[in-house]
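So the chains spell out like this:
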Amino acid sequence: MGAICGATGAPNDQVLEAMLGLLRHRGRAAQLSSSPRGPQLGVRANAEAQASLPASASEDGRVRCVIDGRLFASDELRDQLTGRGVGLSAQGLAQDAELVANLFMLDGVAAFEQLDGAFALALATPDRLLLVRDALGEKPLYYAPSLDGAVVFASEIKALFAHPAFVVEPNVDALHRLLVFSFIPGPQTMFRGVCELQPGHWVQIDLSAPEREPVQRPHWHLTEQVGDQPASHWVEQVAEAVRLAVAKRVPADGKTIAFLSGGIDSSAVVALLAERGLQPICYSVGFGKGLLNELAYARMVTEHLEVEQRVLTVTPSLFIDLLPTIIWSLDDPLCDCITVPNFLLAKEAAREAPLVFNGEGGDPLFGGPKNKFMILGEWYRFLGDYDRAQAYLASYHKFYDLLGQLYTGDFATRTGGSEPLEAIVRPYLEDESMGSFLNRLMHMNVKLKGGQNILVKVDKMLGAHGVEAASPLFDRHLAELSFAVPPQFKRRDDVEKYVFKQAIEPLLPRPVVYRKKAGMGVPLSHWFKKTELRDYAHDLLLAPRALARGYFRPEFVKVLLSGVRIPRSLGADRSGELLWMLLAVELWHRVFAEGERPSVAADSGGSEGIE
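Report follows, based on the coordinates. (Residues numbered from 1 in each chain as written. Predicted model: local features only at pLDDT ≥ 70, side-chain atom pairs only at ≥ 80, totals over all residues. Heavy atoms only, no water.)

Next up on the list: the layout of surface pockets. Space inside the second largest pocket adds up to approximately 970 Å³. Lining of the second largest pocket is provided by 37 residues; of these, Met1, Gly69, Arg70, Leu93 and Glu468 occupy positions nearest its centre. Contributions of two or more residues to the lining of the second largest pocket are made by strand 5 (64-71), helix 2 (74-83), helix 3 (94-107) and strand 17 (468-470). Sorting elements by how many residues they give to the lining of the second largest pocket places strand 5 first, with 5 residues. A class-by-class count of the residues in the lining of the second largest pocket yields 17 nonpolar, 8 polar and 12 charged. (1 Å grid on protein atoms, 1.4 Å probe; cavity = no way out; pocket = protein on both sides within 12 Å on 5 of 7 lines; lining within 4 Å. Points joined across faces, edges and corners; volume = space filled by probe spheres on them. Helix = DSSP H or I, 4+ residues; strand = E, 2+ residues; numbered from the N terminus. Nonpolar A, V, L, I, M, F, W, Y, C, P; charged D, E, K, R; others polar.)

Have a look at this one:
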């Protein structure tokens, strides 16, 4: 686990040290990299020695680099650079930073296309700052392009608080997006003036033209290049690719921890680890007696593979007091309730190992069941009165079709209606470069939900405990392969993820592979109706200061809290998910906009371990 940060403008070691202090949970040791000319850089990591931190420079000394994360093809890059006459000497975690700095010295921004890994990195030259994020977005990175004439960046937004010019101001446009997607698609964040670097993108800040607005540019694209080989060919290819994706993330000591829900994706990752002769400790979650869970399937997997399983039972009494800390750890209020189990599981796993495997990515890459409604809609589109973008946003089951009931009149006017939201997804849904509608859906889910919600959530929840996430099913080469697999082998008849299931079927019990997807199934509606979470939400959402924000109609919030089912155009009663989103928004305002920082935030700061 690690973090990076930095700033342009006049060097200020005190500010950089304070930024690194706010990122202390992401690594034991820290280091500044300053220069009389060029940006300041800072880095944190769990390094054994300062010299091995992921910070280095090019052979000519003109390019400095810091990295959060790691490259997966370091040996190949090292061979390439030595073959081109570059002298390399860095040790430990610093090796990747040295490779990137020298590759950029030789190839400029074309170097980014060659980088395979899970990383966020910064490059500094005397006249430029460049920020780069990995292809799928396993590592987040944020920047504020105009703080008192400086550009400031960090792995987590909270580190920007150390800059004296930073002021928290809620971003209404981002809030509007959040309430429909449950995350914030695009470069906006809930903090006005702070941008998220998009997955597979880089941005350059030209120090000679500080007034020029930085523009994010892609260094990696997903393209549809469907092959014509039979299903057996693709099963073999996918089986090989998932094995490689797991192998390149296994730590040198072989000690592995894994989150195991009992679904096919996490089960496949555990099976692939076990196949390598490893003995992963598997953490699973339940929600109490009588409530739905997947523990029976998770147990079936661990017994079949003969690996250890540990079960954590999550109830509101276990996490209500932690909610402000979870919101603080997230930065943006990602409204997926699975953040709570992720946070609690990460806390337990941190006692065992610094790296945790997960099964995120199988659905976006191989055509999971959440595409079903959109595919059905496409079949019947000829009947008319069907808008793809509107249907897609409604399929999230959030507030898209309830905004008229939720928003106050003033707030509705400020948001600008639903057309800006539809404009986010329409280019993906109508992308003629992809002939398959399923691939259009998958592309959108990978680029938006994957790199801006799922992977960010995992990184932040594990990072809060100093734990690194390994997400092998969100792998660059696996993603590229997926868009070569013919669509009929991703969904075959009524079987979703067909080619993926065929690839891992020999490793797992058949009932685990071919059962219907259930998801983790956090019992939110039950909790908000039957437990102390209802009173907690009532006190926060209907408090005078919450109502004074002027966002939401109190009468609609009261209806949600009453437990009355809200009629929906799609799906079952999801009032618990809606209340969870409103709760996350209110807590975000209290923690960040109003400064009610949890105790973990008060403990941050300082500069011990910095050289």
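Moving on, there is more to tell.
Taken together, 6 strands build an open sheet; the order of strands is 2-3-1-9-8-10 and the sheet is antiparallel. A strand with exactly one partner marks an edge of an open sheet, and here the two such strands are strand 2 (29-33) and strand 10 (195-196). Two strands pair when backbone bridges link them, and strand 8 (residues 142-147) and strand 9 (residues 150-154) are joined in this way by 4 bridges, in the antiparallel orientation. In the sheet register, tyrosine 142 faces strand 9, and the bridge partner there is alanine 154. (Pairing = 2+ DSSP bridges.)

Our focus in this paragraph is helix 16 (residues 419-429). Taken residue by residue, helix 16 has Leu421, Glu422, Ile424, Val425, Tyr428 and Leu429 as its buried positions. Within helix 16, the buried residues cover an arc of 150 degrees as seen down the axis, which keeps them to one side. Facing away from the buried surface of helix 16 by more than 90 degrees, the exposed residues are Glu419 and Pro427. (Buried < 20%, exposed > 50% of the residue type's maximum accessible area, 1.4 Å probe, protein only. Arc of directions from axis to C-beta.)

If you look at the biggest cluster of nonpolar residues, it comprises 177 residues, and the most contacted ones within it are Phe399 and Val425. Val63, Ile67, Ala111 and Phe119 belong to the second-largest nonpolar core, a separate cluster that totals 22 residues. (Core = buried A, V, L, I, M, F, W, Y, C linked by side-chain atoms within 4.5 Å.)

Strand order in the open sheet formed by 6 strands is 4-5-6-7-11-12, with antiparallel pairing between adjacent strands. Where the open sheet ends on each side, the last strands, each with one partner, are strand 4 (55-57) and strand 12 (216-218). For this sheet, the mean angle separating the axes of adjacent strands, direction not counted, is 20 degrees. Examined bridge by bridge, strand 5 and strand 6 (residues 117-125) share 8 bridges and lie antiparallel to one another. Note that in strand 6 the partner of isoleucine 67 across the bridge is leucine 121. (Axes fitted to C-alpha atoms, helices over the stretch in contact; angles between N-to-C directions.)

Tallying each qualifying case throughout the model produces 7 cavities of 30 Å³ or more. Estimates place the volume of the largest cavity at around 120 Å³. Leu541, Ala546, Leu547, Arg549, Tyr551, Phe552, Val557, Leu582, Val585 and Glu586 are the residues that line the largest cavity. In terms of residue count, helix 25 (residues 575-593) provides more of the lining of the largest cavity than any other element does, 3 residues in total. In terms of residue class, the lining of the largest cavity is built from 8 nonpolar, no polar and 2 charged.

What follows deals with unusual backbone geometry. Its identity as a non-glycine residue notwithstanding, serine 182 has a phi of 80 degrees, on the positive side. Note that serine 182 resides in the loop between helix 4 (172-181) and strand 10. Here the phi dihedral of glutamate 306 falls at roughly 60 degrees; this positive angle occurs in a residue that is not glycine. Counting through the fold element by element, glutamate 306 comes out in the loop between helix 7 (295-305) and strand 15 (309-313).

On to helix 24 (residues 554-562). Looking only at helix 24, the buried set comprises Phe556, Val557, Leu560 and Leu561. All buried residues of helix 24 fall inside an arc of 140 degrees around its axis, so they share one side. The inward-facing, buried residues of helix 24 contact helix 14 (403-406), helix 22 (532-541) and helix 25. Count one or two residues on from helix 24 and you reach glycine 563, which has phi positive near 90 degrees. (Contact = heavy atoms within 4.5 Å.)

As a packed pair, helix 16 and helix 17 (residues 437-463) sit with axes 8 Å apart at the nearest point and diverge in direction by 135 degrees. On the basis of the axis angle, helix 16 is oblique to helix 17. Every residue of helix 17 that contacts helix 16 at Ile424, Val425, Tyr428 and Leu429 is listed here: Phe437, Arg440, Leu441, His443, Met444, Lys447 and Leu448. Taken together, the residues of the contact of helix 16 with helix 17 sort by class into 8 nonpolar, 1 polar and 2 charged. (Parallel < 35°, antiparallel > 145°, perpendicular 65-115°, else oblique.)

Moving on, we come to the packing of helix 10 (residues 339-349) against helix 17. In the contact formed by helix 10 and helix 17, the axes pass within 8 Å of each other and the chain directions differ by 40 degrees. Handedness of the helix 10/helix 17 crossing: right-handed. Of helix 17, the residues touching helix 10 (which contributes Thr339, Asn342, Phe343 and Ala346) are Lys457, Met461 and Leu462. Its residues assigned to classes, the contact of helix 10 with helix 17 comprises 4 nonpolar, 2 polar and 1 charged. (Left-handed = near helix turned anticlockwise from the far one by under 90°.)

Here we come to a nonpolar patch on the surface. Taken together, Phe373, Leu376, Trp379, Tyr380 and Leu383 make up a surface patch of nonpolar side chains, about 610 Å² in accessible area. Summarising the element assignment, phenylalanine 373 is placed in helix 12 (residues 372-379). The exposure class of phenylalanine 373 is exposed, given its relative accessible area of 53%. (Patch = residues over 30% accessible without salt bridge, like charges linked within 9 Å, V, L, I, M, F, W, Y side chains within 5 Å. Areas by Shrake-Rupley, 256 points an atom, 1.4 Å probe, with all protein chains shown as cover. Salt bridge = Lys/Arg side-chain N within 4 Å of Asp/Glu carboxyl O.)

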